[in-house]
Amino acid sequence: METFRNLLDPFPSQQSTFAANVDAIYYFIFWLSTFFFVIIVAMMCYFVVKYRRVEGQEPEKSPSHNTPLEVTWSVVPGILVLGIFWWGFTGYVDMRSPPAETYDINVTAQMWSWQFKYGTGAVDAELHVPVGTPVRLIMQSKDVIHSLFVPVFRVKQDVVPGRYSGLWFEAKEVGKFELFCTEYCGQKHSDMITKVVVHATDEANVTDEVPQTFDKWLEVASDPLEGGRIPLEQAGEKVIGMFGCLQCHSIDGSNKVGPSFKGHFGQQVQTRDGSVLMDENYIRESILEPNAKIRQGYDPKMPSFKGSMKDEWIDAVIAYIKSIQ
C-alpha cells in the first residue's frame, strides 16, 4: 500500500510557498498525458481489430479529410498548450521575482562544501533561515559550476564561477531538510550535502528538532567564542563545524580529501617541497594560504579562508586541533 501511495505521490513534502504550484502543474501535465495516451492506444487497438484484413473483402473508399475533426484536434491541443504555458510562465516569474523585503544570505560554493554568510558576520556550513520569511540567496562559486537544490522547497539554481546567481523562497514550517549540489563538480560531488535549518521566530514555536529561534541562533553563530564564556577548544569545534572543515578532514586519524586533524600536531610532516613542523604557525598558514606548503600525497584543493575566518576563530581552531591529539 505504501509503495502504491508513493507511486501516486513520489515527491517529498511541500515546505515552501512555491511547492504546491510546482507539484500541481507537474501532476496536471502527467495525468493529461496519461489520459490521452490511454485514449489513443485504446482507439488504435480497436481500429486494428475492426479494420483488419478479411479474406475476400475489398477496402472501402475512405474520405480524404474531415474539417470539423481536423479543427477539433488542432484547437483543443492548442488551448491546452497555451494554458500549460501560461500556468508555468506565471509560476516561473513568481519564483524569479523576490519581494521588496527579503532576508539576504550570501552563499559560497566550493569543492565540496557550502558556506553561508549572514549580515551579522555569522558563517555556517548549514543554511539557517527563519520560518515564514522571504529569504534571498546571493550565490557564487570559487571553482567550478555547482547547483543548489532543496527538494522540499522545489528550488534549484546553478552557481557559476565569476558571477552572482540567486534564488528566493519562503519556508512554511520549522524543521531540518536536505540541501544538495546537483551539478557534477568532481571526485567528492556526492558528499556536497548539507542541511537547511528552518527556525521559529518566537520561543512558543521552537521544536525538539530545532530548539533555537532564528535570532538566538544568529546571536550565537555571530560569536562562536560566546564572549569567552566557553573553552577555546570548544569554540574551535564550533568554528570547524561552521566552515564545514570535516567535509575534507577527519578527527579520527583517517585520510579524506585532506590530511586528518588528529595525530600530527607537534610533528614533522612531509610536504611536496620537504618537511615542516606542524605547529600553530603552520596551521594558521594552511588556513590563510593553503597552497603555500601542500602536504605530500594530497592535491591543492583547499580554498583560502583569508577574510572570512577571524584571527580569534583561527586561535580557537588551533586550540581544538591541539586538544584532540
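Since this is a predicted model, take the numbers as computed values, not measurements. (Residues numbered from 1 in each chain as written. Predicted model: local features only at pLDDT ≥ 70, side-chain atom pairs only at ≥ 80, totals over all residues. Heavy atoms only, no water.)

Undergrad: A description of unusual backbone geometry should follow, citing residues and the corresponding values.
TA: In the segment running from Met111 into Trp112, the intervening peptide bond is cis, with an omega of 0°. If you trace the backbone, Trp112 turns up in the loop between β1 (103-110) and β2 (113-117). One non-glycine residue, Arg154, lies in positive phi territory at about 60°. (Helix = DSSP H or I, 4+ residues; strand = E, 2+ residues; numbered from the N terminus.)

Undergrad: Lay out the sheet that holds strand β3 (residues 123-124) in plain terms, naming residues and giving numbers.
TA: On the basis of which strands lie adjacent, the open sheet formed by five strands has the order β3-β2-β1-β5-β8 and mixed pairing. Looking at strand neighbours, the two that pair on one side only are β3 and β8 (165-170), the edges of this open sheet. Pairing geometry for strand β5 (residues 134-141) and β8, over six bridges, is antiparallel. From the neighbouring strand, Arg136 faces β8, where its bridge partner is Trp168. (Pairing = 2+ DSSP bridges.)

Undergrad: An account of the packing of aromatic side chains is needed here, citing residue identities and associated values.
TA: Counted under the stated rule, the structure contains 20 aromatic pairs. Centroid distance Phe243 to Phe305: 5.4 Å. Interplanar angle 90°. Geometry classified as edge-to-face. One end of the pair, Phe243, is in the loop between α5 (232-242) and β11 (268-271); the other, Phe305, is in the loop between α6 (280-288) and α7 (311-323), and 62 residues separate them in sequence. For the pair shown, Phe243 and Phe305 are each scored as buried. Aromatic pair Phe243 and Trp313: ring centres 6.1 Å apart, planes at 65°, arrangement edge-to-face. You can see Phe243 sitting in the loop between α5 and β11 and its partner Trp313 sitting in helix α7, a full 70 residues away along the chain. Overall, the relative accessible area of 2% leaves Phe243 in the buried class. Taken together, the ring pairs in this structure connect Phe11, Tyr26, Tyr27, Phe30 and Trp31 into an aromatic cluster. When the ring centre of Tyr51 is taken as reference, the NZ or CZ atom of Lys50 above it lies at 5.5 Å. (Phe/Tyr/Trp six-rings, centres within 6.5 Å; stacked < 30°, edge-to-face > 60°. Buried < 20%, exposed > 50% of the residue type's maximum accessible area, 1.4 Å probe, protein only. Lys NZ or Arg CZ within 6 Å of the ring centre and 35° of its normal.)

Undergrad: Just give me the short version of the side chain of Ser147, but keep the residues and values in it.
TA: Turning to its location among the elements, Ser147 is positioned in strand β6 (residues 146-150). Residue classification places Ser147 among the buried residues on the basis of a relative accessible area of 0%. Within the local environment of Ser147, its side chain forms a polar contact with the backbone oxygen of Gln157, the two atoms lying 3.4 Å apart. (Polar contact = N/O pair within 3.5 Å; in protein donor to acceptor, adjacent residues only side chain to side chain.)

Undergrad: Provide a residue-level description of the nonpolar core, including the pertinent values.
TA: Trp114, Leu127, Leu137, Leu148, Phe153 and Phe169 are the most contacted members of the largest nonpolar core, which totals 39 residues. The residues touching Phe169, leaving out its near neighbours within four places in the chain, are Phe18, Leu127, Val129, Thr133, Pro134, Val135, Leu137, Phe153 and Val155. Of all hydrophobic cores here, the second largest spans 27 residues; its members include Phe243, Met278, Ala316 and Val317. (Core = buried A, V, L, I, M, F, W, Y, C linked by side-chain atoms within 4.5 Å. Contact = heavy atoms within 4.5 Å.)

Undergrad: Hey, could you go over the side chain of Asp124 for me, with residue numbers and the actual values?
TA: Within the secondary structure layout, Asp124 lies in strand β3. Buried and without a salt bridge, Asp124 has Lys238 as its closest oppositely charged side chain, separated by 9.1 Å. Within polar-contact distance, the side chain of Asp124 engages the backbone nitrogen of Glu126 at 2.8 Å. (Lys, Arg positive; Asp, Glu negative; His and termini not counted. Salt bridge = Lys/Arg side-chain N within 4 Å of Asp/Glu carboxyl O.)

Undergrad: Describe the pairing of β1, naming the residues involved and giving the relevant values.
TA: Note that β1 and β5 share seven bridges and pair parallel. Its bridge partner lying in β5, Asp104 is registered against Arg136. Relative to β2, β1 is paired through five bridges, and the arrangement is antiparallel. Opposite Thr108, over in β2, you have Gln115 as the bridge partner. Hairpin connection of β1 to β2: two residues between the antiparallel strands.

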